[in-house]
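Observations on the model geometry
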Amino acid sequence: MAGDTTLSENYAFAGMHHIFDQHVDNAVPKVQFANDDKHLLACCSLDGTISICQLVPSPPIVLRVLKGHTRGVTDFAWSLSNDVIVSTSLDTTMRIWATEDGKCIREIADPDGSELLCCTFQPMNNNLTVVGNGKHNVHVMNISTGKKVKGGSSKLTGRVLSLSFDSPGRILWAGDNRGSIYSFLFDMATGKLTKAKRLIVNEGSSITSISARSWISREARDPSLLVNACINKLLLYRVVDNEGTLQLKRTFQIQQSSHSISSIFCPLMSFRQGACIVTGSEDMCVYFFDVERATKAIVNKLQGHSGPVLGVGFNCDESLLASSDTTGMVIIWRREQK
């Protein structure tokens, strides 16, 4: 992306490239493009399935639907090489799927027999996945053995709704439905979790999304955390030490008081002016904010959904953005060609 164009020009997404409606009538909590991929996308639904979609060649198609969960799928994650997807469900299980043929490789019951609400891969060791459940616990799971890692469990103050590692995989943040974000130190050799810090964002508010980024822009070189917390604001924190301590940097007005809305940092790390974040919102819009702009931070606003926007995801070169909503609609937005 050229360094001399404005952020508004860079993020001039306008045209709808495609609409997927295979999950219609059931909310789609998450959409995510495969790693380093422009045209492969997955989305999970409260209908109990995950669909893998291919956007090129035209027309875009649903490649395969991953079926097996007996209740809604709350979260999923692509492995680094995109050959595996791990998913969590209200049916109290996590499943490991082969993306090539859509077959379920393994089903793992939650150690507490609880609804599973979120998951993330250990970035440096994709054998390990962290899950968060409705009984307030995080568990480090070995997906090769199907077993819980010894010392890899910890309790939060509420239902665990969101998880994010820093890029080296040394700090894990977990958010719950009581307004707390915990940081954990992750032992690479053993998979053990050590509770480090706790931040109460807002007592009783759900932390629905956490995204970590090692640095945002040439102006902001410190590690950052982007948080949705059901307080009608998107929160940007600075990570101030190696224990994951958070300091509020700034907030952005959005509508979010009750839905599980998520946000992301734009994937391209560059030295261009400013830096962009994208979030869903309960007013049925997708918002782009410039984290460096002191006033009038909204760079772009996309309208087209007919329900609160829950999930947002960029492809690797930022040419396409996917967003999902409570009605089950997934919209693929195309960047305007210069």
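Throughout, residues of each chain are indexed from 1 in the direction in which the sequence is written. At least 70 in pLDDT is required for a residue's local features to be given in this predicted model, at least 80 for side-chain atom pairs to be given and counted, and no such filter applies to totals for whole chains, interfaces and linings, which use all residues. Just so you know, side-chain values use all the structure's heavy atoms and leave hydrogens and water out.

1. Comments concerning the overall build of the protein chain
Spelled out, the test is: Strands here are runs of E lasting at least two residues and helices are runs of H or I lasting at least four, both read from the DSSP assignment and numbered beginning at the N terminus. Surface accessibility in these figures is a Shrake-Rupley result with a 1.4 Å probe; residues are shielded only by whichever protein chains are displayed. Only four residue types enter the tally: Lys and Arg on the positive side, Asp and Glu on the negative side, with His and both chain ends excluded. By convention, the charge on Lys lies at NZ, on Arg at CZ, on Asp at CG and on Glu at CD.
Per the secondary structure count, the protein chain includes 1 helix and 28 strands. If one aligns the C-alpha atoms of the protein chain with their principal axes, the spans along those axes are about 50 × 45 × 35 Å. For the protein chain, the accessible area works out to roughly 13400 Å², and carbon and sulfur atoms hold 49% of it. Where the 34 positive side-chain charges of the protein chain centre and where its 32 negative ones centre are 4 Å apart.

2. Quick look at the pattern of salt bridges
Formally: A side-chain nitrogen of Lys or Arg and a carboxyl oxygen of Asp or Glu constitute a salt bridge if their distance falls within 4 Å. Exposure is judged per residue with a 1.4 Å probe applied to protein chains only, and the accessible area is read against the type maximum: over 50% gives exposed, under 20% gives buried, and values in between give partly exposed.
By the definition in use, this model includes 10 salt bridges. When the shortest N-O distance is used, the salt bridge between Glu243 and Lys197 registers 3.5 Å. Taken together, the residues span a long stretch of sequence, with Glu243 in the loop between β20 (233–239) and β21 (246–253) and Lys197 in strand β17 (residues 193–200) at a distance of 46 residues. Judged by relative accessible area, Glu243 falls into the partly exposed class, the value being 29%. Among the residues examined, Lys197 registers a relative accessible area of 34% and is labelled partly exposed. Between Arg335 and Glu318 there is a salt bridge; the shortest N-O distance is 3.5 Å. Of the two residues, Arg335 is situated in strand β28 (residues 330–335) and Glu318 in the loop between β26 (309–314) and β27 (320–325); the sequence distance between them amounts to 17 residues. Of the two residues, Arg335 and Glu318, neither departs from the other in class, the shared state being buried. The structure contains a network of salt bridges with shared partners spanning Arg71, Glu115 and Arg159.

3. Topic: the sheet that holds β21
Applied cut-off: For two strands to count as paired, DSSP must find a minimum of two bridges between them. Lines are fitted to the C-alpha atoms to define the axes, a helix being fitted only along its stretch in contact, and any angle between axes, read from their N-to-C directions, falls within 0 to 180 degrees.
Taken in spatial order, the 4 strands line up as β18-β19-β20-β21 in an open sheet, and their pairing is antiparallel. Either end of the sheet is taken by a strand with one partner, and the two such strands are β18 (209–213) and β21. Averaged over all pairs of adjacent strands, the angle between their axes in this sheet comes to 20°, without regard to strand direction. Bridge count between strand β19 (residues 224–228) and β20: 5 bridges; the pairing is antiparallel. Looking at β20, one finds that Asn228 is bridged to Leu234.

4. Some thoughts on the sheet that holds strand β25 (residues 298–303)
Spatially, the 4 strands line up as an open sheet ordered β22-β23-β24-β25, and their pairing is antiparallel. The open sheet is flanked by β22 (263–265) and β25, the only strands paired with a single partner. In this sheet, neighbouring strand axes are inclined to one another by 15° on average, regardless of whether the strands run parallel or antiparallel. The pairing of strand β23 (residues 276–279) with strand β24 (residues 285–290) spans 4 bridges and is antiparallel. If you follow Val278 over to β24, its bridge partner there is Phe288.

5. Points about the packing of aromatic side chains
Given two aromatic rings, one states the distance between the centres and the angle between the planes to describe the pair. This is how the line gets drawn: Pairing of aromatic side chains here covers Phe, Tyr and the six-membered ring of Trp, requires ring centres within 6.5 Å, and sorts the geometry by plane angle: under 30 degrees stacked, over 60 edge-to-face, intermediate tilted. Cation placement over rings: the criterion is NZ of Lys or CZ of Arg within 6 Å of the ring centroid and within 35° of the ring normal.
Across all of its chains, the model carries 9 aromatic pairs by this definition. Ring geometry for Tyr11 against Phe288: centres 5.9 Å apart, planes inclined by 40°, an arrangement best described as tilted. Placement of the pair is Tyr11 in the loop between α1 (7–10) and β1 (13–20) and Phe288 in strand β24, with a sequence separation of 277 residues. Taken as a pair, Tyr11 and Phe288 share a single burial class, namely buried. Three or more aromatic residues link up through ring pairs in this structure, and these residues are Tyr11, Phe13, Phe288 and Phe314. The ring of Phe76 carries Lys30 above its face, with NZ or CZ at 5.3 Å from the centroid.

6. Topic: the nonpolar core
Soluble, globular proteins show a tendency: their nonpolar side chains are buried together. The following threshold applies: What makes a nonpolar core is a set of buried Ala, Val, Leu, Ile, Met, Phe, Trp, Tyr and Cys residues whose side-chain atoms join them at distances within 4.5 Å. Whether two residues touch is decided by their heavy atoms; if any such pair falls within 4.5 Å, the residues are in contact.
Counting 18 residues, the largest nonpolar core has Tyr11, Phe13, Val278, Val286, Phe288, Phe314 and Leu321 as the members making the most contacts within it. It is β26 that provides the largest number of residues to this core, a total of 3 residues. Residues within four places of Val278 in sequence aside, it is in contact with Ser263, Ile264, Cys266, Val286, Tyr287, Phe288, Val312, Phe314 and Leu321. Residues Cys118, Val160, Leu163 and Tyr182 belong to the second largest nonpolar core, which totals 16 residues.

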